[in-house]
Amino acid sequence: MERAKKLFTINDIRCVAIALTDTCNMRCSYCPHSLPDAFPKRIREAHFPHDLYLKILDYLPNLSGLEYVDLTEFNEFFLTPELATFYLPALKERNVDYMIATNGSIYPDNISYYATHNPKCLIVGLQTITEKQYHDTLRIKCLSFDNYIERVSKLVRYFYNHCKDTLISIEVSYNASIILNKVIGRSYNKEIASLKEQRSNIRSLIRLISQKTGIELYEGESACRRNINQLILAHSSDDRIIFGGKRFVDLVNFYNRKLTNDSPVCFSETTVFMMNGDIKACCTDYKNMTVFANIIGTSMKDIFQRFVSLVNTMRTRGAPFECCKHCLGYETYREKYAKAVHSFIK
Ligand code: SF4
Ligand code: SF4
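The rules behind the values
Position numbers for residues count from 1 along each chain, tracking the sequence in the order it is written. Starting at A for chains and at 1 for ligands, labels are handed out in the order in which the entities are written. Selection of residues for local features in this predicted model requires a pLDDT of at least 70, selection of side-chain atom pairs for listing and counting requires 80 or more, and totals for whole chains, interfaces and linings are taken over all residues. Hydrogen atoms and water are omitted, and side-chain values are computed over all heavy atoms in the structure. Counting from the N terminus, the helices are the DSSP runs of H or I reaching at least four residues and the strands are the DSSP runs of E reaching at least two. Only protein chains enter the area calculation, which uses a 1.4 Å probe; residues under 20% of their type maximum are buried, those over 50% are exposed, and those in between are partly exposed. Should any heavy atoms of two residues lie within 4.5 Å, those residues are considered in contact. Shrake-Rupley sampling with a 1.4 Å probe provides the accessible areas, and residues are treated as covered by the protein chains on show and by no other component. Angles run from 0 to 180 degrees between N-to-C directions of axes, and those axes are lines fitted to C-alpha atoms, restricted for helices to the stretch in contact. In this scheme, roughly parallel covers angles under 35 degrees and roughly antiparallel covers those over 145, while 65 to 115 is roughly perpendicular and the rest are oblique. For a crossing to be left-handed, the near helix must be turned anticlockwise from the far one by less than a right angle; the clockwise case is right-handed. As a working rule, the residues Ala, Val, Leu, Ile, Met, Phe, Trp, Tyr, Cys and Pro are called nonpolar, Asp, Glu, Lys and Arg charged, and the rest polar, with Gly in that last group. Two strands are counted as paired when DSSP detects at least two bridges linking them. Between rings of Phe, Tyr and Trp, where Trp is taken as its six-membered ring, a pair exists when centres lie within 6.5 Å; planes separated by under 30 degrees are stacked, by over 60 edge-to-face, and by other angles tilted. Summary of the metric used: pLDDT quantifies the predictor's per-residue confidence within the range 0 to 100. We count a salt bridge whenever a side-chain nitrogen from Lys or Arg sits within 4 Å of a carboxyl oxygen from Asp or Glu. Within this scheme the basic residues Lys and Arg register as positive and the acidic residues Asp and Glu register as negative, but His and the chain ends are omitted.

A. Structural detail: the overall build of the protein. Along the backbone of the protein there are 10 helices and 11 strands. Across the 346 residues in the protein, those meeting the buried criterion constitute 54%. Residue pairs at least 24 apart in sequence account for 69% of intrachain contacts in the protein once pairs closer than 6 positions are excluded. A total accessible area of about 16,400 Å² is found for the protein, and carbon and sulfur atoms account for 53% of it.

B. The arrangement of the packing of helix H6 (residues 145–162) against helix H8 (residues 195–213) in detail. Between H6 and H8, the shortest axis-to-axis distance is 9 Å and the interhelical angle comes to 60°. Classified by the angle their axes make, H6 and H8 are oblique. Read as a crossing pair, H6 and H8 show a hand that is right-handed. Here H6 contributes Ile 149, Glu 150, Ser 153, Val 156 and Arg 157 to the contact with H8, which in turn contributes Leu 205, Leu 208, Ile 209, Lys 212 and Thr 213. Residues that form the contact of H6 with H8 fall into these classes: 5 nonpolar, 2 polar and 3 charged.

C. Looking closely at the sheet that holds strand S2 (residues 68–70). Strands sit in the order S6-S7-S8-S5-S4-S3-S2-S1-S9-S10-S11 across an open sheet of 11 strands; the sheet is mixed. Strands at the two margins of the open sheet, each flanked by one partner only, are strand S6 (217–219) and strand S11 (291–294). Where strand S3 (residues 98–102) and strand S4 (residues 121–125) come together, 4 bridges link them in parallel fashion. The residue bridging Met 99 from the neighbouring strand is Cys 121, located in S4.

D. Region of the structure containing the packing of helix H2 (residues 50–59) against helix H3 (residues 83–93). The interhelical angle for the contact between H2 and H3, taken along N-to-C directions, is 15°, at an axis separation of 11 Å. Relative to H3, the element H2 is oriented roughly parallel. Viewed along their axes, H2 and H3 form a crossing whose handedness is right-handed. Across the interface between the two elements, His 50, Tyr 53, Leu 54 and Leu 57 of H2 pack against Phe 86, Tyr 87, Ala 90 and Leu 91 of H3. For the contact of H2 with H3, the per-class residue count stands at 7 nonpolar, 1 polar and no charged.

E. The arrangement of the packing of aromatic side chains in detail. Under the defined criterion, the tally for this structure stands at 16 aromatic pairs. Ring geometry for Phe 48 and Tyr 53: centres 6.4 Å apart, planes at 65°, overall edge-to-face. Judged by its relative accessible area of 1%, Phe 48 is buried. Judged by relative accessible area, which is 0%, Tyr 53 ranks as buried. Consider the rings of Tyr 114 and Phe 159, whose centres lie 5.5 Å apart with planes at 50°: the pair is tilted. Residue Tyr 114 is located in helix H4 (residues 112–116), and its partner Phe 159 is located in helix H6; the two are separated by 45 residues in the primary sequence. Judged by its relative accessible area of 1%, Tyr 114 is buried. Residue class for Phe 159 comes out buried when judged on its relative accessible area of 0%.

F. Here's a closer look at the confidence of the model for the protein. Scored by pLDDT, the protein has a mean of 85; 84% of the residues are at 70 or more. Predicted confidence in the protein is weakest over helix H1 (residues 2–5), with a mean pLDDT of 49, and strongest over H4, with 98.

G. Summary view of the pattern of salt bridges. Applying the stated rule across the entire model yields 13 salt bridges. The partner of Arg 94 in a salt bridge is Asp 58, with the nearest N and O atoms 3.0 Å apart. Taken together, the residues span a long stretch of sequence, with Arg 94 in the loop between H3 and S3 and Asp 58 in helix H2 at a distance of 36 residues. As a salt-bridge pair, Glu 219 and Arg 203 come within 2.7 Å of each other at their nearest N and O atoms. With Glu 219 in strand S6 and Arg 203 in helix H8, the pair connects residues that are 16 residues apart, well separated along the chain.

H. Structural view of H3. Within H3, the full set of buried residues consists of Leu 83, Ala 84, Phe 86, Tyr 87, Leu 88, Ala 90 and Leu 91. For H3, the elements touching its buried residues are H2, S2, S3 and H4. Following H3 by one or two positions, Asn 95 adopts a phi angle in the positive range, close to 60°.

I. Inspection of the side chain of Arg 139 at higher detail. Looking at the secondary structure, you find Arg 139 in the loop between helix H5 (131–136) and H6. Here Arg 139 occupies a buried position and makes no salt bridge, while the nearest side chain of opposite charge, Glu 76, is found at 7.6 Å. When sequence neighbours within four positions are dropped, the list of residues in contact with Arg 139 reads Met 26, Arg 27, Cys 28, Tyr 30, Asn 103, Gly 125, Leu 126, Gln 127, Thr 128, Tyr 134 and Tyr 148.

In structure tokens, the structure reads:
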């Protein structure tokens, strides 16, 4: 029970997320981007104001536990303009690590920049691993599955050959069993395959990507993972490329779920800076109902004090936002420790 009782402080913040752009070239059926009015408080296809970005970065040395900055949130990272000319060099100057999440279909401008400034992690959200899944979920209309895998392979090959400090995590979604979803009252997406089906298809995908990248990949566990709970399905011999399975979370229906808990305890430690200056406490909340401050006219010290106080409230008295009552992202104390015991035994 030690962790639950320990007070969260500014030194416990490990990641700060900044949504550099809100545009994406895909419209996956399970993503809020597929909804006509998903982002009511956002400015479409804009990018993060320079002055606000620098204001955040200049405060980061005060976060002694910070491991990296995450620059992706419901967007395609490589569609952000000025990545290699402004946003990433500003991080490099301050010696702050970053990670990239991409759908893998965009080959970046100025790709040679990444060889001089390696991301800590490149996450390729593949999710659809067969041609049928790809078309079922409408990932992108004008790009065939073969061409998509070709582009993913080209991107992976570049980062593997030029970014020795980068972990490349190719991630595929799977549905928890329909029975489990029914028991816990969670909605699911029938177009997402079960773990069993993903496992049975992973072999042919590995063969395809090995062939297109020229990097031999193997099925099975790896010594390396992006986080302790990640399920590893395959890896390269040196573990610099991993295929991780992640349980599908239905975000599209997030706000329509029946209430799951009147006072959810939440261990989320997310702080996301949005392009209009709003700061929210949850990365799954695409309607921005967990906004707790705005950067314009507020000092960074004040923002992080509010955030720390909010995390402590969410961990002890419960998440104060209305949308949290619909959420399965929170964990009760009992769930938290059951999970810790489970991963210890594993
Ligand atoms: S899931 Fe990712 S790739 Fe698909 S529409 Fe959403 S942000 Fe874009
Ligand atoms: S309870 Fe859910 S919606 Fe609320 S902050 Fe936690 S993870 Fe986000």
